[in-house]
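# Working through the structure, step by step
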Amino acid sequence: DRPAGGPILATGTVLSPRHVGLLAAAGHTDVLVHPRPRVAVVSTGAELVELGRTPGPGQIHDSNSHLLAACVEAAGGHAAYRCSVGDDPAEVRDLLDRLAADVDVIITSGGVSMGVHDVVKAVLRERGEVEFVTVAMQPGKPQGFGLLGERRVPFFGLPGNPVSAFVSFEVFVRPLLRRMLGLEPAVAPTTTATLAAALRSPAGKVQFARATLRRDPSGGGWVATAVAGQGSHFVTDLAAADALLVVPAEVTLLQPGDEVESILL
């Protein structure tokens, strides 16, 4: 049911079971593909407790490594390594060296801000391989990026609050994984939504506000309602959201009925 000698699949096709069947029917034993990037996800902080253990005073469950590993898989990568590590510089340095020799991308969360125990920043800044900056966005202000080891493995140092880590992944990490997979466009698809209620935004920062979307029954377009908790630690409201509203840095107030660019989750 295809012309003899014609193309079977186009470059850029993401192989599904249907495509595998077509390739087999045409007698192809091998096909050149982009492999899934092998990604290491590491949460940092002595306060982190693995799931299954009861947190003590001053401790919390390690949610970020599970969140970001799931993000990697959803983006098409392979979460080849997931763990948490404490605040000992030697332990962190040894772990990152071992990972840089084995995986394609390294993602850490926490330890990149201005605190006394921001160990990732302290360890990697002394080598000069990673640049740590503050980005004019909310959430996700502190960021680190560089290339580690002889293999020049891309490294992302994301902030520790879970909402900040998630938004940072969507904005910075997902586009790289899509590039490594040969997928276009690399950036997330956006649509326009109409606000159901007013939304304030900090001056001088691009805000990625979490929101829920619904169809306007009268016109068929999207109507966006910002979730109640916009703090970078509100994981319940993050889970409820299905869009990120992109509020430009120069805008401090949006009114009901205003249109806003929305990244679909």
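Relevant structure appears above.
Only a predicted model underlies this, so the values are computations on that prediction, with no experimental measurement involved.

### A short note on helix H2 (residues 64-74)
Because each turn of an α-helix spans 3.6 residues, side chains separated by three or four positions end up pointing in the same direction. For H2, the set of buried residues is Asn-64, Ser-65, Leu-68, Ala-69, Cys-71 and Val-72. Buried residues of H2 fall within an arc of 155° about the axis and therefore sit on the same side. Buried positions along H2 lie against strand E1 (38-44), strand E4 (78-85), strand E5 (105-109), strand E9 (153-158) and helix H5 (162-180). Where H2 terminates, the next one or two residues include Gly-76, which has phi positive at roughly 105°.

### Comments concerning the packing of H2 against H5
Packing of H2 against H5 brings their axes to within 10 Å, and their N-to-C directions diverge by 25°. Considering the angle they form, H2 stands roughly parallel to H5. The hand of the H2/H5 crossing is right-handed. Residues Asn-64, Leu-67, Leu-68, Cys-71, Val-72 and Ala-74 of H2 touch H5, and the partners they reach there are Pro-162, Ala-165, Phe-166, Phe-169, Arg-174 and Leu-177. Here the contact of H2 with H5 is built from residues that sort into 10 nonpolar, 1 polar and 1 charged.

### Some thoughts on the side chain of Ser-201
Topologically, Ser-201 is positioned in the loop between strand E11 (199-200) and strand E12 (206-215). Of note is the side chain of Ser-201, whose polar atom sits 3.0 Å from the side chain of Gln-207. Ser-201 has contacts with Gln-207, Val-247, Val-251 and Thr-252, leaving out every residue within four places of it along the chain.

### Side note on the environment of Thr-192
On the secondary structure map, Thr-192 appears in strand E10 (residues 190-195). Residues Thr-192 and Ser-262 lie 70 residues apart in sequence; the distance between their C-alpha atoms is 5.8 Å. For Thr-192, the contacting residues outside a window of four places in its chain are Trp-222, Glu-259 and Val-260.

### Some remarks on the sheet that holds strand E6 (residues 130-134)
What holds strands together in a sheet is hydrogen bonding between their backbones, with the strands either parallel or antiparallel. With mixed pairing, 6 strands are arranged side by side in an open sheet as E4-E1-E5-E9-E8-E6. Each having just a single partner strand, E4 and E6 make up the two edges of the open sheet. For this sheet, the mean inter-axis angle between neighbouring strands, taken without regard to orientation, is 15°. Pairing between E6 and strand E8 (residues 142-148): 5 bridges, direction antiparallel. Following the sheet pairing, Glu-131 is matched in E8 by Phe-145. In the packing of H2 onto the sheet, the strands contacted are E1, E4, E5 and E9, and the crossing angle to E4 comes to about 170°. Where helix H3 (residues 89-100) meets the sheet, its contacts fall on E1, E4, E5, E8 and E9, and the angle it forms with E4 comes to roughly 170°.

### Some words on the pattern of salt bridges
Note on pairing: side chains with opposite charge can pair once their charged atoms come close. Applying the stated criterion across every chain, the model contains 9 salt bridges. Here Arg-151 ties to Asp-104 by a salt bridge, and the two come within 3.8 Å at their closest N and O atoms. Here the residue Arg-151 occupies a position in the loop between E8 and E9, and Asp-104 occupies one in the loop between H3 and E5, the gap between them amounting to 47 residues. You can call Arg-151 partly exposed: its relative accessible area is 43%.

### What about the packing of aromatic side chains?
Summed over the entire model, instances satisfying the criterion amount to 1 aromatic pair. Aromatic pair Phe-145 and Phe-156: ring centres 5.1 Å apart, planes at 55°, arrangement tilted. Of this pair, Phe-145 sits in strand E8 while Phe-156 is found in strand E9, placing the two residues 11 residues apart along the sequence. Given a relative accessible area of 7%, Phe-156 falls into the buried group. One residue, Arg-215, lies across the ring of Trp-222, its end atom 4.0 Å from the ring centre.

About the thresholds
- Residues numbered from 1 in each chain as written.
- Predicted model: local features only at pLDDT ≥ 70, side-chain atom pairs only at ≥ 80, totals over all residues.
- Heavy atoms only, no water.
- Buried < 20%, exposed > 50% of the residue type's maximum accessible area, 1.4 Å probe, protein only.
- Helix = DSSP H or I, 4+ residues; strand = E, 2+ residues; numbered from the N terminus.
- Arc of directions from axis to C-beta.
- Contact = heavy atoms within 4.5 Å.
- Axes fitted to C-alpha atoms, helices over the stretch in contact; angles between N-to-C directions.
- Parallel < 35°, antiparallel > 145°, perpendicular 65-115°, else oblique.
- Left-handed = near helix turned anticlockwise from the far one by under 90°.
- Nonpolar A, V, L, I, M, F, W, Y, C, P; charged D, E, K, R; others polar.
- Polar contact = N/O pair within 3.5 Å; in protein donor to acceptor, adjacent residues only side chain to side chain.
- Pairing = 2+ DSSP bridges.
- Salt bridge = Lys/Arg side-chain N within 4 Å of Asp/Glu carboxyl O.
- Phe/Tyr/Trp six-rings, centres within 6.5 Å; stacked < 30°, edge-to-face > 60°.
- Lys NZ or Arg CZ within 6 Å of the ring centre and 35° of its normal.

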